[in-house]
Amino acid sequence: MTTPHPPVTDHQEHPVSDLSALDPARIYRYAPDLLAEAHELLTLSSRFLAQTLAGEQNDPEALHSYLLRRAAQADRVAAGALFGAAASRAQAEESFRLLADHDRAHPWLVPAGLTTPAAGAPHEELRAYVRESYDVAPWT
């Protein structure tokens, strides 16, 4: 079940923190079970696809929440190296980049105090952005 999230306001630009300070055990301590979250993400993905195929515009806030949850899910899998480190890292980085691309296109959705990484940002900066964004998300 998804919960609507209020728009993020009062955006201030600050660089993303050092990844080493963003402990995934703390950041994701209240994250749903991996399989339950995968099911929910698949459901949301199907809804977005159906809207797109019907010629409807996807809600940027809902898409931001979905992309953040997807990136966090990929980060959790990659951090645990559950399916092979190289493949997990590549899939996580793709999810990280999708979130950053979306947030650059919709800067009002960026959590206050964070700066969206640049298009060519390194993996560690993208991962830190996902963790910081997830840490301040209204549902965590």
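The present account deals with the structure reproduced in this document. Computed from a prediction, not measured in an experiment: that's the story for all the values here. (Residues numbered from 1 in each chain as written. Predicted model: local features only at pLDDT ≥ 70, side-chain atom pairs only at ≥ 80, totals over all residues. Heavy atoms only, no water.)

**Quick look at the overall build of the protein**
Scanning the protein from terminus to terminus reveals 5 helices and 0 strands. Going from the N terminus to the C terminus, the protein shows its helices and strands as α-α-α-α-α. The burial tally for the protein puts 39% of its 140 residues in the buried class. Long-range pairs, those at least 24 residues apart, make up 75% of the contacts in the protein between residues at least 6 apart in sequence. Approximately 7,700 Å² of the protein is accessible, and the part contributed by carbon and sulfur atoms is 59%. (Helix = DSSP H or I, 4+ residues; strand = E, 2+ residues; numbered from the N terminus. Buried < 20%, exposed > 50% of the residue type's maximum accessible area, 1.4 Å probe, protein only. Contact = heavy atoms within 4.5 Å. Areas by Shrake-Rupley, 256 points an atom, 1.4 Å probe, with all protein chains shown as cover.)

**Some remarks on the pattern of salt bridges**
Note that side chains of opposite charge can pair when their charged atoms are close. What the rule picks out here adds up to 6 salt bridges. Measuring nitrogen to oxygen at the nearest pair gives 2.5 Å for the salt bridge that ties D75 to R127. One end of the pair, D75, is in helix 3 (residues 60–80); the other, R127, is in helix 5 (residues 123–136), with 52 residues separating them in the sequence. The pair formed by D75 and R127 is uniform in burial state, with each residue classed as buried. The salt bridge partner of D101 is R104, with a shortest N-O separation of 2.3 Å. (Salt bridge = Lys/Arg side-chain N within 4 Å of Asp/Glu carboxyl O.)

**Regarding the environment of R70**
Mapped onto the elements, R70 comes out in helix 3. Placed 60 residues apart in sequence, R70 and V130 show a C-alpha to C-alpha distance of 9.8 Å. With residues up to four places along the chain from it excluded, the contact list for R70 reads L41, E94, S95 and L98.

**A closer look at the packing of helix 2 (residues 34–53) against helix 3**
For the pair helix 2 and helix 3, the least separation of the axes is 10 Å and the interaxial angle reads 145°. Between helix 2 and helix 3 lies a crossing whose hand is left-handed. Between helix 2, through L34, E37, A38, E40, L41, L44, S45 and F48, and helix 3, the contact on the second element is made entirely by A62, L63, Y66, R69, R70, Q73, R76 and V77. Along the lines of polarity and charge, the residues of the contact of helix 2 with helix 3 split into 9 nonpolar, 2 polar and 5 charged. (Axes fitted to C-alpha atoms, helices over the stretch in contact; angles between N-to-C directions. Left-handed = near helix turned anticlockwise from the far one by under 90°. Nonpolar A, V, L, I, M, F, W, Y, C, P; charged D, E, K, R; others polar.)

**Here's the deal with the nonpolar core**
By size, the foremost hydrophobic cluster in this structure holds 27 residues, and its most contacted members are Y28, Y66, L68, F96, L99, V130 and Y134. Of all elements in the fold, only helix 2, helix 3, helix 4 (85–105) and helix 5 reach the threshold of two or more residues within this core. If you tally residues by element for this core, the top one is helix 3, at 7 residues. When neighbours within four sequence positions are excluded, L68 is seen to be in contact with L99, V130, S133, Y134, A137 and W139. (Core = buried A, V, L, I, M, F, W, Y, C linked by side-chain atoms within 4.5 Å.)

**A look at the packing of aromatic side chains**
Taken as a whole and assessed by the stated rule, the structure comprises 2 aromatic pairs. Ring geometry for Y28 and Y134: centres 5.1 Å apart, planes at 70°, overall edge-to-face. Of this pair, Y28 sits in the loop between helix 1 (24–27) and helix 2 while Y134 is found in helix 5, placing the two residues 106 residues apart along the sequence. By the burial criterion, Y28 is buried, and Y134 matches it. (Phe/Tyr/Trp six-rings, centres within 6.5 Å; stacked < 30°, edge-to-face > 60°.)

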